[in-house]
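An overview of the molecular structure
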Amino acid sequence: MNIRPLHDRVLVRRIEEDEKTPGGIIIPDTAKEKPMEGEILATGAGARDENGKLVPLDVKKGDRILFGKWSGTEVTVEGEELVIMRESDVMGVME
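None of the values given here were measured: they were computed from a predicted structure.

Moving on, we get to the pairing of strand 2 (residues 37–43). Most of strand 2 is tucked away, with five of its seven residues classed as buried. Both strand 1 (residues 9–14) and strand 2 contribute to a ladder of five bridges, which runs antiparallel. Counted as the bridge partner of arginine 13 is glutamate 39 from strand 2.

Structure (C-alpha cells):
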C-alpha cells in the first residue's frame, strides 16, 4: 500500500472488537458500533506553526490509538476500509 498522508494527518486501520460479550452473547453485525480503536499505518510529516516551522507529530506508525466514533474520513484502499484523520482527532495512545 503506497499512501502517504499529508501534513498532520494519519492513516488508521480500525481494530475490530470481539463479536461476543463476556457472558457469551454473540453480537450481530447490525448491532455493532464502529470501533474507536485503531493502528496507525502511516503519518504525514507534521503541521506548520505560525512561523512556518514544521512541528512533527506525536504519534508514529504502529501506535495503537483511541479516537472518536465519527472522526476522520473513511476511504477504501485495495479493498480494505481505512480512516484518514487529523492528529488532533486522536484522543490517546495505548501503551
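Still more ground to cover, so stick around.
Further remarks concern the pairing of strand 7 (residues 80–86). Across four bridges, strand 1 lies against strand 7 in antiparallel orientation. Residue valine 10 lies in a different strand from strand 7, and its bridge partner there is methionine 85. Bridge count between strand 6 (residues 73–77) and strand 7: five bridges; the pairing is antiparallel. What sits directly across from threonine 76, in strand 7, is glutamate 81. Hairpin remark: strand 6 followed by strand 7, antiparallel, with two residues in the connecting loop; positive phi at glutamate 78, about 50°.

Before going further, it helps to examine the nonpolar core. Core analysis: the biggest nonpolar cluster contains 10 residues, these being Val10, Val12, Ile40, Leu57, Val59, Ile65, Phe67, Val83, Met85 and Val90. Contributing elements (two or more residues each) for this core: strand 1, strand 5 (64–67) and strand 7. Leave out the neighbours within four places in its chain, and methionine 85 touches Asp8, Arg9, Val10, Val12, Phe67, Ser71, Gly72 and Val90. Of all hydrophobic cores here, the second largest spans five residues; its members include Leu11, Ala42, Val77 and Leu82.

Right, let's get into unusual backbone geometry. The phi torsion at histidine 7 lies on the positive side, around 55°, for a residue other than glycine. For histidine 7, the location among the structural elements is in the segment before strand 1. Of note, the phi angle at glutamate 78 is positive, near 50°, even though the residue is not glycine. Residue placement: glutamate 78 occurs in the loop between strand 6 and strand 7. A relative accessible area of 69% places glutamate 78 in the exposed class.

What counts, and at which threshold
Residues numbered from 1 in each chain as written. Predicted model: local features only at pLDDT ≥ 70, side-chain atom pairs only at ≥ 80, totals over all residues. Heavy atoms only, no water. Buried < 20%, exposed > 50% of the residue type's maximum accessible area, 1.4 Å probe, protein only. Helix = DSSP H or I, 4+ residues; strand = E, 2+ residues; numbered from the N terminus. Pairing = 2+ DSSP bridges. Core = buried A, V, L, I, M, F, W, Y, C linked by side-chain atoms within 4.5 Å. Contact = heavy atoms within 4.5 Å.

Just distances and angles here, no functional claims.
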